[in-house]
Amino acid sequence: MGGAGPDGFAVVDKEAGWTSHDVVARARKLLGTRKVGHAGTLDPPATGVLVLGVGRGTRLLRFITELPKTYEATLQLGVETTTLDAEGEVTARHDMTGVDLAALEEAAAGFVGDIEQIPPMVSAVKVGGRRLHELARAGEVVERAPRPVTIHELSVEPTDRPDVFGLRVRCSSGTYIRTLAADLGTALGGGAHLLTLRRTAVGPFDEAAARPLAQIELIDLAEGLAGRPVVVVEGELATAVRHGRAIDAAAIGASGPGPWAIQDPSGRLLAVYERYREGSVKPAVVVAPAS
C-alpha cells in the first residue's frame, strides 16, 4: 500500500501477563516499524483478542475501538479485592453460600441495557491529568465520575465450584468487566471479584482470526474495516477523496448514518468519510496518497 513501512491491521491473541503496551512494543520489533498502536486495552491477566493498527492503520484505530466487545469471564462471590480482580489484595469477605445460579441470573438481568459504571482505581482513566493506576500505586483513592456503557447481552453459567460462576458478556466499548463482576456481587448483598477474563471478539474480529504474537499476520486496511458500509469511487470523485475534499453525499450514494469506507474499484481503501453539513460528507481519515 505504499509508504515507508507496512500498513494494515493485526489480530493478536494476547497471552496472560503481557500488558497491551508490551504487545505493541514487541509487534514494532517483529514488523520493523514504530507505527503500531492498539484498539482497546486488555489488562495484563486477561487473554484474547487485541487488534493492532500498523502504519496508516494506526489512524483508523478509533473505528475499531468503538466496536462492541465480547468476553468470557469467571467471578468469585464472597470476596472483594482492591483491584476488583484476582491480582488485588482482599478487602472484604461475605458469606454468600445462599446465592445460587437463579439468584445470580436475576441480578445479571438488571445490568442488561444502558447502565453507568464507576471506573476502577486500577485503570488507565485519567483524573486531573494523572492515570488512576498511578494514583492507586501511590495509595490515593479519588472520586471518579460514572460513565455510561451498554451491556448488550449477559449470561451466567455454573462451574464446579459453588462460589464461582462463568459470565458471557457482549458490551459497548469502555465497559469494565471487573466493575461488572464487583457490582454483581454488591447487587446480591455481598461482594465479588473477577477471577479470569478472556476477550473473544472485537466487532467482527474473533478468536478464530487471532494469532499468537510470534505468528503475527497483517490484514489490509479495507479488510480491517469489514462491516462498515462501502462506497466505491473512481475518476474525479476518487481524486476529490484522495485530496480530502468534502463531497456531495448523493454523488457517491452515501446513505444511512455512516461512516463509510471509500474504496477504489480495485478494493483499495482510500479514506473513511462521515456526515458533514446537510447533504455532504467529509473525510474522517484519508489513507491514500493525493497522487
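Below you will find a few notes about this structure.

1. Structural notes on the sheet that holds strand 15 (residues 247-248)
Turning to step 1, where the next piece is worked out: Taken in spatial order, the five strands line up as 14-16-17-18-15 in an open sheet, and their pairing is mixed. On the outer flanks of this sheet lie strand 14 (230-232) and strand 15, each paired with one strand and no other.
Turning to step 2, where the next piece is worked out: With two bridges joining them, strand 15 and strand 18 (residues 280-286) adopt antiparallel strand pairing. Along strand 18, the bridge assignment pairs Ile247 with Val281.

2. Quick notes on the pairing of strand 18
Turning to step 1, where the next piece is worked out: With five bridges connecting them, strand 17 (residues 269-275) and strand 18 associate as antiparallel partners. When the bridges of strand 18 are listed, Glu274 appears paired with Lys282.
Turning to step 2, where the next piece is worked out: Between strand 17 and strand 18, which pair antiparallel and follow one another directly, the connecting turn spans four residues, one of which, Gly279, has a positive phi of 80°.

3. Observations regarding helix 1 (residues 20-31)
Turning to step 1, where the next piece is worked out: Spanning twelve residues, helix 1 covers 16 Å between terminal C-alpha atoms, matching the ideal 16 Å at 1.5 Å per step.
Turning to step 2, where the next piece is worked out: Of all the residues in helix 1, the buried ones are Ser20, Val23, Val24, Ala27, Arg28 and Leu31. All buried residues of helix 1 project into a common sector of 140° when viewed along the axis, lining one side. Exposed residues pointing more than 90 degrees away from the buried face of helix 1 are listed as His21 and Lys29.
Turning to step 3, where the next piece is worked out: Among the structural elements, strand 1 (8-14), strand 2 (36-38) and strand 3 (47-54) are those in contact with the buried residues of helix 1.
Turning to step 4, where the next piece is worked out: One or two residues past the end of helix 1 sits Gly32, with phi positive at roughly 70°.

About the criteria used
Residues numbered from 1 in each chain as written. Predicted model: local features only at pLDDT ≥ 70, side-chain atom pairs only at ≥ 80, totals over all residues. Heavy atoms only, no water. Pairing = 2+ DSSP bridges. Helix = DSSP H or I, 4+ residues; strand = E, 2+ residues; numbered from the N terminus. Expected span 1.5 Å × (residues − 1). Buried < 20%, exposed > 50% of the residue type's maximum accessible area, 1.4 Å probe, protein only. Arc of directions from axis to C-beta. Contact = heavy atoms within 4.5 Å.

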